[in-house]
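Per-entry structural report
Residues per chain, in single letters:
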Amino acid sequence: SKENGRNQITLYEPGMQEAVEEHLNLQHDLRFAIGSDQLRLFVQSQYDKHNRICGAEVLLRWLHPTRGMLTPNLFIPLAESTDLITPLGDWIMASVCDLLLQTQQCHFPISINVSPIQFRRPDFARRTRQILESSGAPAHRLIFEITEGVLMEDFSSANSMMRELKDLGIRFSMDDFGTGYSNLAAIRRLPLYELKMDRSLILGVPGEQEANAIVRTVLAMARQLGLHVVAEGVENEQQKEFLLRRGCHGLQGYLFSAPQLVEQWLELIEQ
Ligand code: C2E
Ligand code: CA
Ligand code: CA
Ligand code: CA
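This report concerns the structure included in the present document. Since the model is a prediction, treat every value here as computed from it, not as a measurement.

Here the calcium ion (ligand 4) is held by Asp175 (OD), Asp176 (OD) and Asp176 (OD), and the distances to it run 2.8 to 3.1 Å. The distance between the calcium ion (ligand 4) and the calcium ion (ligand 2) is 4.1 Å, with Asp175 acting as a donor to both metals. Classification of Asp176 by relative accessible area gives partly exposed; the value is 31%.

Okay, structure coming up:
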């Protein structure tokens, strides 16, 4: 029972102790990884109705020395719960600036995921401007994918952070749109460029009535508001047809291409 104290808990729940140690190890490893060359950018192209690349999303991977390639859901939450999300975010930002400079012949924008924790730091705009300016990368080709999480605590400071970054030329996409409580009234007041429809919605089209209705409504609303729309997780022709017929601008998913290591992605788009 609880009265027996902490030692008893570790005795009876060894899994808990292991989870804590695992967490500490990974945290230590991640701190090291940011300064070494274990982080990898993957890139997934987005396609328009003519099957041309119209955008690309950068997705982070961690090539862990003993655990292999880790996807972000295994370590982004860890970075967010420590102070590591800031150096991690700065590293991604600097790397994507390089990528923008390496792809200057391309006209499509490149999107990166910005964690709400990273976004809510008061110095986020200043850090971003510094990295942009020292690299000389064109901000007008940069899109920040944010989630509703950035709006949770303080709508007006999130709004003014967005406007500050927009003044630099950066555009915003509302990621995971259609999940959670998409607050349409709030969305309308934000300086958004794009809505990114979540894979969980796309999964249901064209088979499920409810998913169909939501996707159709999002596309109709986006047209009214003059917003660009990208669908993620497009895996088959039926989904592609459904989305294109209703005016979805960008399609992203395994039907077109999986995320690729940045070096391989660069070779492919240069052809
Ligand atoms: P997200 O932004 O919703 O990214 C979409 C996820 O769907 C990616 O997973 C991508 O690899 C995957 N995906 C793409 N096409 C398909 C498809 O056709 N079918 C299926 N089943 N999946 C597909 P990934 O790379 O594991 O990323 C997971 C999440 O981690 C992302 O979700 C994003 O929220 C976060 N994330 C990724 N990179 C970064 C980053 O650099 N910084 C931050 N803060 N978060 C990141
Ligand atoms: Ca995203
Ligand atoms: Ca998503
Ligand atoms: Ca997301």
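From this point, the narrative continues.
Turning next to the pattern of salt bridges. For side chains bearing opposite charge, pairing can occur when the charged atoms are close. Per the stated rule, a full pass over the model turns up eight salt bridges. Among the salt bridges present, the one from Glu57 reaches Lys196, with a minimum N-O distance of 2.9 Å. Separated by 139 residues along the polypeptide, Glu57 in strand E2 (residues 53-64) and Lys196 in strand E7 (residues 194-197) bring together distant segments of the chain. The pair formed by Glu57 and Lys196 is uniform in burial state, with each residue classed as buried.

Inspection of the region around ligand 1 gives 21 residues, with Gln44, Arg61, Arg199, Glu235 and Tyr254 positioned closest. Here an oxygen atom of ligand 1 and a side-chain polar atom of Arg61 are 2.8 Å apart. Take Asp176: an N or O atom from its side chain is 3.4 Å from an oxygen atom of ligand 1. Bound to the protein, ligand 1 loses 83% of the 800 Å² it would expose on its own. With respect to the detected pockets, ligand 1 is housed in the largest pocket. Among the secondary structure elements, those contributing two or more residues to the shell around ligand 1 are E2 and strand E6 (171-177).

Conventions and cut-offs
Residues numbered from 1 in each chain as written. Chains lettered and ligands numbered in written order. Predicted model: local features only at pLDDT ≥ 70, side-chain atom pairs only at ≥ 80, totals over all residues. Heavy atoms only, no water. Donors = N, O, S within 2.8 Å, 3.2 Å for Na, K, Ca; no water. Buried < 20%, exposed > 50% of the residue type's maximum accessible area, 1.4 Å probe, protein only. Salt bridge = Lys/Arg side-chain N within 4 Å of Asp/Glu carboxyl O. Helix = DSSP H or I, 4+ residues; strand = E, 2+ residues; numbered from the N terminus. Near = heavy atom within 4 Å. Polar contact = N/O pair within 3.5 Å; in protein donor to acceptor, adjacent residues only side chain to side chain. Areas by Shrake-Rupley, 256 points an atom, 1.4 Å probe, with all protein chains shown as cover. 1 Å grid on protein atoms, 1.4 Å probe; cavity = no way out; pocket = protein on both sides within 12 Å on 5 of 7 lines; lining within 4 Å. Sits in = over half its atoms within 2 Å of the grid points.

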